[in-house]
Amino acid sequence: MSDKETTHFGYKEVDKDAKAGMVADVFHSVAARYDLMNDLMSGGIHRIWKRFTIEISGVRKNNAVLDIAGGTGDLAARFAELVGPEGRVVLADINDSMLQVGRDKLLDQGRQGNIEFVQADAQFLPFPDDSFDCVTIAFGLRNVTDINLALGSMLRVLKPGGRLLVLEFSKPQSALLSKAYDTYSFRVLPVMGRLVTNDSESYQYLAESIRKHPDQATLQSMMEDAGFCQCEYHNMTGGVVALHRGVKA
Amino acid sequence: MAIDPTLHTAALAALEAGLNRALDLSPQSKPGLARLEDCVFALHCTAPTLNIYLHPSAQGIRLAGTHHGTVTTSIKGEASDFTELATSVDPTATLINGGLALEGDSAPLIALQQVLATLDMDWEAPLVATLGDVVGHQLAQTLRRAFSWGKQASTGLTRQLEEFVHEEARLSPPRLEAEDFYRDVQELGLRVDRLQARAERLRQRLQNSRS
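Residues numbered from 1 in each chain as written. Chains lettered and ligands numbered in written order. Predicted model: local features only at pLDDT ≥ 70, side-chain atom pairs only at ≥ 80, totals over all residues. Heavy atoms only, no water.

## Here's the deal with the overall build of chain A
Link 1 in the chain: The secondary structure content of chain A amounts to 9 helices and 9 strands.
Link 2 in the chain: Taking 2.2 N^0.38 as the reference for a compact globule, 249 residues should give roughly 18 Å; the C-alpha atoms of chain A span a radius of gyration of 17 Å, in line with that estimate.
Link 3 in the chain: When its C-alpha atoms are laid out on the principal axes, chain A stretches across 45 × 40 × 40 Å.
Link 4 in the chain: In chain A, the share of contacts with a sequence separation of at least 24, taken over all contacts with a separation of at least 6, comes to 70%.
Link 5 in the chain: Here chain A displays about 11,000 Å² of accessible surface, and carbon together with sulfur accounts for 52% of that area.
Link 6 in the chain: Averaging the locations of the 27 positively and 32 negatively charged side chains of chain A gives two centres separated by 5 Å. (Helix = DSSP H or I, 4+ residues; strand = E, 2+ residues; numbered from the N terminus. Rg over C-alpha atoms; globule rule 2.2 N^0.38 Å. Contact = heavy atoms within 4.5 Å. Areas by Shrake-Rupley, 256 points an atom, 1.4 Å probe, with all protein chains shown as cover. Lys, Arg positive; Asp, Glu negative; His and termini not counted. Charge placed at Lys NZ, Arg CZ, Asp CG, Glu CD.)

## A few points about helix α8 (residues 200-212) of chain A
Residues and elements named next belong to chain A.
Link 1 in the chain: Taking 1.5 Å of rise per residue, the 13 residues of α8 would be expected to cover 18 Å, and the 19 Å separating its terminal C-alpha atoms lies within 8% of that figure.
Link 2 in the chain: Burial in α8 covers these residues: S202, Y203, Y205, L206, A207, E208, S209 and I210.
Link 3 in the chain: Along its buried surface, α8 packs onto β1 (6-9), α1 (16-30), α2 (34-42), β7 (158-169) and α7 (175-197). (Expected span 1.5 Å × (residues − 1). Buried < 20%, exposed > 50% of the residue type's maximum accessible area, 1.4 Å probe, protein only.)

## Side note on the interface of chain B and chain A
Link 1 in the chain: Taken residue by residue, the interface counts 17 residues in chain B and 17 residues in chain A.
Link 2 in the chain: Both sides together, the interface formed by chain B and chain A hides about 1,400 Å², and carbon and sulfur atoms give 51% of it.
Link 3 in the chain: Three residues stand out in chain B for area buried against chain A, namely T6(B), T9(B) and H68(B), and they jointly supply 39% of the buried area on that side.
Link 4 in the chain: The interface formed by chain B and chain A includes 2 salt bridges.
Link 5 in the chain: R51(A) is paired through a salt bridge with E16(B); the nearest N and O atoms lie 2.9 Å apart.
Link 6 in the chain: At the junction of chain B with chain A, the criterion picks out 9 residue pairs in polar contact (both at pLDDT 80 or more). (Buried area = accessible area lost by both parts, 1.4 Å probe. Salt bridge = Lys/Arg side-chain N within 4 Å of Asp/Glu carboxyl O. Polar contact = N/O pair within 3.5 Å; in protein donor to acceptor, adjacent residues only side chain to side chain.)

## A word on the sheet that holds β7(A)
Residue and element names in this part refer to chain A.
Link 1 in the chain: Read from one edge of the open sheet, 7 strands run β5-β4-β3-β6-β7-β9-β8, paired in mixed fashion. Each edge of the sheet is formed by a strand with only one pairing partner; in this case those strands are β5 (115-119) and β8 (228-236). On average, each strand axis in the sheet is inclined to that of its neighbour by 15°, with strand direction left out of account.
Link 2 in the chain: Here β7 runs beside strand β9 (residues 241-248); their pairing, made up of 7 bridges, is antiparallel. Pairing of L164 across the sheet is with G246, part of β9.
Link 3 in the chain: Helix α9 (residues 216-226) rests against β7, β8 and β9 of the sheet, and its axis sits at about 160° to β8. (Pairing = 2+ DSSP bridges. Axes fitted to C-alpha atoms, helices over the stretch in contact; angles between N-to-C directions.)

## Quick look at the packing of aromatic side chains
Aromatic ring pairs are reported here in terms of the distance separating the ring centres and the angle at which the planes meet.
All names here are of chain A.
Link 1 in the chain: In this structure the tally under the stated criterion is 5 aromatic pairs over all chains.
Link 2 in the chain: Consider the rings of W49 and F139, whose centres lie 6.1 Å apart with planes at 55°: the pair is tilted. Of this pair, W49 sits in helix α3 (residues 45-57) while F139 sits in the loop between β6 (132-138) and α6 (147-157), and the two are 90 residues apart along the sequence.
Link 3 in the chain: An angle of 85° between the planes, with centres 6.4 Å apart, marks the rings of W49 and F169 as edge-to-face. Here W49 is found in helix α3, whereas its partner F169 is found in strand β7, with 120 residues between them in sequence.
Link 4 in the chain: On the accessibility criterion, W49 (5% relative accessible area) is buried.
Link 5 in the chain: Taking relative accessible area as the criterion, F169 reaches 15% and is therefore assigned buried.
Link 6 in the chain: The ring of Y181 carries the charged tip of R211 above its face, separated from the ring centre by 4.7 Å. (Phe/Tyr/Trp six-rings, centres within 6.5 Å; stacked < 30°, edge-to-face > 60°. Lys NZ or Arg CZ within 6 Å of the ring centre and 35° of its normal.)

## Concerning the sheet that holds strand β4 (residues 73-77) of chain B
Residues and elements named next belong to chain B.
Link 1 in the chain: In spatial order, the strands read β3-β2-β1-β4-β5; together these 5 strands make up an open sheet with mixed pairing. Each having just a single partner strand, β3 (60-64) and β5 (101-104) make up the two edges of the open sheet. Mean inter-strand twist for the sheet, computed between neighbouring axes without regard to direction, equals 20°.
Link 2 in the chain: Both strand β1 (residues 41-46) and β4 contribute to a ladder of 5 bridges, which runs parallel. By the bridge assignment for β4, C45 is matched with G77.
Link 3 in the chain: Against the sheet, helix α1 (residues 5-24) makes contact with β2 (49-57) and β3, and its axis sits at roughly 170° relative to β3, the strand it touches most.

## What to know about the pairing of β5(A)
Residues and elements named next belong to chain A.
Link 1 in the chain: Summarising the sheet, strand β4 (residues 88-93) and β5 pair through 5 bridges and their orientation is parallel. Considered in β5, the bridge of L91 is made with F117.
Link 2 in the chain: The β-α-β motif built from β4, the intervening helix α5 (residues 96-108) and the parallel element β5 has right-handed crossover chirality. (Right-handed = clockwise from strand over helix to strand, strands pointing away.)

What follows is the structure, given as structure tokens:
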């Protein structure tokens, strides 16, 4: 029997050390068409979910914001406008392909001066303690190998009073919606992935990883256990997506 | 039942896009908004229940459903009260006499209302960009003339109707006369209240002297 610790990669059990590399392969494969696929898969609703996240973040002028797993920079772009020239936004992603797409996109939009791009692992954030007023992670937490370790790392880099926002797929609140969502995820998404990015496996992983991710209440208690206070969550689109918010005391 | 944040946020995003498109076509409105850059306006609508926060800036107006922090001006009322304020010629009078409850500084709110009420959209640029110089310009000219005629006709008709109602048919008193009358009624109300209080005091004194 192997002594190695395992974790899930979609529905598969894999070595804990191997997961990061496997997730990286998924995102290397989809990076170039990530935005297009997001729009197609969600019908553009992912923009509404992100907009609500920005509203709840309470980010204002001169704030320092860390956007982990920031990917193609949708949140970072908006935060850069809100914090103004004296503020600071760090777009961090573990995957260099995604970071490159995000950096090119934001620079092409003329956004520079208050944005930094950092390749970083959410579990071991390379920033000093108490550095940020707000930390966000949108559709990234379920890909992290050890969620508890990542939550602890985010708590460490937040300033006291700072907010963590976790936007992630979650558990639909009605049985009917859940059934329709399952059909869509396992039948339609892989086909769409094959047609657009020539990669159905990555989208099969996406659907499976969503099912393995903790539900709303479990994630809230994980945040409380990590040391966040005033933890709450907002269900969106019937619970397909949930936004969790916690504050560093 | 609470509205799903997706719907609420989508509605605000659509409203914001429309509002900012209109502001883009009215470039003279931007300096007015830039002066209100650090202000936050909270609109609490009670019927239907809806909270909207307005963040003006030189780039336009950002709408949000939630806001953490202080607000410059907060107004509460029904949808019809907000419509009345938005279209009012005299926003100060509407704020004082209307059904809206106001908290905070009213001056920035009046400044915002004036920016929005005096939007003067120039359709020429988008029309020229879409249809070309000649057709775009001619269509813009035609639209400008049509809008100008419509505005004049509406102002003239309102004035004539007002004159007919007040002066010829005597269906309603003129505005100043009506306001004077309402002031007198208010004053009378106050005097009656004072008289009632005095009578009550006298009644108490009489009762005390008897006992």
